[in-house]
Amino acid sequence: MSQVRKEIIECPHCHAEGEFDLWTSVNVDLDPELREKIFSEELFMYHCPTCGKVTGIPAGTLYHDMSHKFMLFFEFFKPEDFDYSPMDMPEGPLGVQEGYTMRIVYGLMRLKEKIVILEHGLNDVAIERQKYMISHVIMPEIAAKGYELFFAKTEEPDEEFEHGKIFFFYDDEEKQQTITVRFAMDNYYEHKLACELDPRMAVHGCMCVDEGWMSKQMKEE
């Protein structure tokens, strides 16, 4: 079940106090509206009842999707000394069954991306590997400029793409626009197979699988 508690917030604009619903866990099967509040970012917004100003509250949460069998431990900011070690799992039952994907996620955009990846039934390690190769080999200007590539969506097969298409995007600050890149799904399946064959791509326990993790793994001998 989802868990929420009331927190007293002091508005940074008018300094009046008010209550904020802080969601420490979100179960989107039982409370599907909370998923939409994450994607609209409303879940992390405090509306001051006195002055009406809106303030972002960088509060972490546990995201649980029972239908797609994944659980995400989300925080806004990654610790400076973060070393990508597996997470020490909290004691007590979490409703986790066999076949669950467990991940640590830092950053709101990465949380949204991870949700969409796992809802699509895709292998997030393969997606990160594919993104790494796009950013560093196929389109190295993405990494050179410090841009981050994100998964967007897949599309069904058609006459041109027998196995469908997969899309990614990044924000080009120089052009001030969002750039979308497209590949055949075959490319994703190649990366998925590479992950199955490469011991560096193995995930042990609940870990953070993101661009930094992939970069670290790809540099290992």
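Q: Teacher, can you tell me more about the pattern of salt bridges here?
A: A side chain of one charge can pair with a side chain of the opposite charge when the charged atoms of the two come close. According to the stated counting rule, one finds 18 salt bridges in the structure shown. One salt bridge connects Lys6 with Asp21, and the closest N-O pair in it is separated by 2.6 Å. Taken together, the residues Lys6 in strand β1 (residues 3–10) and Asp21 in strand β2 (residues 17–27) connect sequence positions 15 residues apart. For Lys6, a relative accessible area of 52% translates into the label exposed. Asp21 gets classed as partly exposed once you look at its relative accessible area, which sits at 31%. The salt bridge involving Lys145 is made with Glu174; its shortest N-O contact spans 3.2 Å. Of this pair, Lys145 sits in the loop between α4 (141–144) and β8 (150–155) while Glu174 sits in the loop between β9 (165–172) and β10 (177–184), placing them 29 residues apart in sequence. We classify Lys145 as partly exposed; its relative accessible area is 40%. Glu174 sits in the exposed class, given a relative accessible area of 60%.

Q: Just checking my understanding: could you explain the packing of aromatic side chains for this structure?
A: What characterises a pair of aromatic rings is the spacing of the ring centres plus the angle enclosed by the ring planes. The full count for this structure, using the stated rule, is 12 aromatic pairs. A centroid spacing of 6.3 Å and a plane angle of 80 degrees characterise the contact between Phe20 and Tyr46, whose relative ring orientation is edge-to-face. Here Phe20, found in strand β2, pairs with Tyr46, found in strand β3 (residues 45–47); they are 26 residues apart in sequence, far enough to count as distant. Across the pair, exposure class does not vary: Phe20 and Tyr46 are buried alike. Here the guanidinium or amino end of Arg35 rests over the ring plane of Phe39, the centre of that ring lying 4.3 Å away. Over the face of the ring belonging to Phe167 we find Lys153, whose NZ or CZ atom lies 5.0 Å from the ring centre.

Q: For this particular structure, what's the right way to read unusual backbone geometry?
A: Excluding glycine, residues mostly carry a negative phi; peptide bonds, for their part, are mostly trans. For Lys69, which is not glycine, the phi torsion reads 60 degrees and is therefore positive. In this model, Tyr84 sits at a positive phi of 65 degrees, which is unusual for a non-glycine residue. By the element assignment, Tyr84 lies in the loop between β6 (70–75) and β7 (101–106). Relative accessible area serves as the criterion here: at 11%, Tyr84 is assigned to the buried category.

Q: Mind showing me how you'd approach the sheet that holds β8 here?
A: Whenever strands of a sheet pair, they do so through backbone hydrogen bonds, lying parallel or antiparallel. Strand order in the open sheet formed by 3 strands is β8-β9-β10, with antiparallel pairing between adjacent strands. Strand pairing shows two members of the sheet lacking a second neighbour, β8 and β10, which therefore form its edges. With strand direction ignored, the average angle separating the axes of adjacent strands in the sheet is 25 degrees. By the bridge criterion, 5 bridges tie β8 to β9 in an arrangement that is antiparallel. Residue pairing across strands places Glu155 opposite Lys165, the latter belonging to β9.

Q: How should I be thinking about a nonpolar patch on the surface in this particular structure?
A: A cluster of nonpolar side chains, contributed by Met1, Leu30 and Met66, occupies part of the molecular surface with about 340 Å² of accessible area. Looking at the element boundaries, Met66 is found in the loop between β5 (61–65) and β6. On the accessibility criterion, Met66 (37% relative accessible area) is partly exposed.

Conventions used here
By convention here, each chain's residues receive numbers from 1 onward along its written sequence. Local features in a predicted model are, by the rule used here, given only for residues with pLDDT of at least 70; side-chain atom pairs are given and counted only at 80 or more, and totals for whole chains, interfaces and linings are based on all residues. Computation of side-chain values covers all heavy atoms of the structure but excludes hydrogens and water. Any carboxyl oxygen of Asp or Glu that lies within 4 Å of a side-chain nitrogen of Lys or Arg is treated as forming a salt bridge with it. Secondary structure is summarised from DSSP: a helix means a run of H or I of at least four residues, a strand means a run of E of at least two, and numbering begins at the N terminus for each. Here the term buried applies to any residue with accessible area under 20% of the maximum for its type, exposed to any over 50%, and partly exposed to those in between, with areas from a 1.4 Å probe on protein chains only. A pair of aromatic rings is counted whenever rings of Phe, Tyr or Trp (Trp by its six-membered ring) have centres within 6.5 Å, and the orientation is called stacked for planes under 30 degrees apart, edge-to-face for over 60 and tilted otherwise. A ring has a charge above it when a Lys NZ or an Arg CZ is no more than 6 Å from the ring centre and no more than 35 degrees off the ring normal. DSSP bridges decide pairing: two strands pair if at least two such bridges lie between them. For helices, the axis comes from a line fit to the C-alpha atoms of the stretch in contact; other axes are also lines fit to C-alpha atoms, and the angle between any two N-to-C directions lies between 0 and 180 degrees. The patch calculation keeps residues exceeding 30% relative accessible area without a salt bridge and links them within 9 Å when they carry like charges or within 5 Å when they are nonpolar (Val, Leu, Ile, Met, Phe, Trp, Tyr). Methods summary: accessible areas were calculated by the Shrake-Rupley approach with a probe of 1.4 Å, and residue burial reflects only the protein chains presented.

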